[in-house]
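Okay, here's what each chain looks like letter by letter:
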Amino acid sequence: QVQVVESGGGLVQAGGSLRLSCAATGNILRVYTMGWYRQAPGKQRELVASSNSGGNAKYANFVKGRFTISRDDAKNTVSLQMNSLKPEETGVYYCTAEVQAGPGYLKVWGQGTLVTVSS
């Protein structure tokens, strides 16, 4: 069984920073893309940033220049450094890991971590 667990959410003032971390654990043969999504209250879940197995990062336009995704393939972890946060970025942030586990390919979601940005 493969699990993805996030940590690092919390309350921060507008303009502040937070760092989210995520670890994929279990019977993992290989990790492909790891990423972060967010879901604001009343809105659809959207991609924030992702990093493929080659270490190439992809960002949503609304976070470019402010957020940085990084991964440690030796530990199957990914982090998201978030700077200059805005109140509208309040929401639940989810980590995902696309993995090969046994004979199958899975996209596993974490339970999410709440980020609250106060104005």
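Note that the coordinates shown come from a computational prediction; the quantities given were computed from them, not determined experimentally. (Residues numbered from 1 in each chain as written. Predicted model: local features only at pLDDT ≥ 70, side-chain atom pairs only at ≥ 80, totals over all residues. Heavy atoms only, no water.)

Caption draft 1: A look at the state of the cysteines. In this structure the tally under the stated criterion is 1 disulfide. The disulfide that involves Cys-22 links it to Cys-95, with 2.0 Å between the sulfurs. Negative torsions about the S-S bond denote left-handed disulfides, and the value of about -80° found for Cys-22 with Cys-95 makes this one left-handed. You can see Cys-22 sitting in strand E3 (residues 18–26) and its partner Cys-95 sitting in strand E9 (residues 91–101), a full 73 residues away along the chain. (Disulfide = S-S within 2.5 Å. Helix = DSSP H or I, 4+ residues; strand = E, 2+ residues; numbered from the N terminus.)

Caption draft 2: A look at the pairing of E3. Of the pairings in the sheet, the one linking strand E1 (residues 2–7) to E3 comprises 6 bridges and is antiparallel in character. Bridging from a neighbouring strand, Gln-3 pairs with Thr-25 of E3. Of the strand pairs in this sheet, E3 and strand E8 (residues 77–82) are connected by 6 bridges, and their pairing is antiparallel. Its bridge partner lying in E8, Cys-22 is registered against Val-78. (Pairing = 2+ DSSP bridges.)

Caption draft 3: Region of interest: the environment of Tyr-37. With respect to the secondary-structure elements, Tyr-37 resides in strand E4 (residues 30–39). We classify Tyr-37 as buried; its relative accessible area is 18%. When the C-alpha positions of Tyr-37 and Cys-95 are compared, they lie 6.4 Å apart, and in sequence the two are 58 residues distant. When residues no more than four places from it in sequence are discounted, the contact partners of Tyr-37 are Arg-45, Glu-46, Leu-47, Val-48, Val-92, Tyr-93, Tyr-94, Thr-96, Lys-107 and Trp-109. At 3.0 Å, the side chain of Tyr-37 and the side chain of Lys-107 are in polar contact. (Buried < 20%, exposed > 50% of the residue type's maximum accessible area, 1.4 Å probe, protein only. Contact = heavy atoms within 4.5 Å. Polar contact = N/O pair within 3.5 Å; in protein donor to acceptor, adjacent residues only side chain to side chain.)

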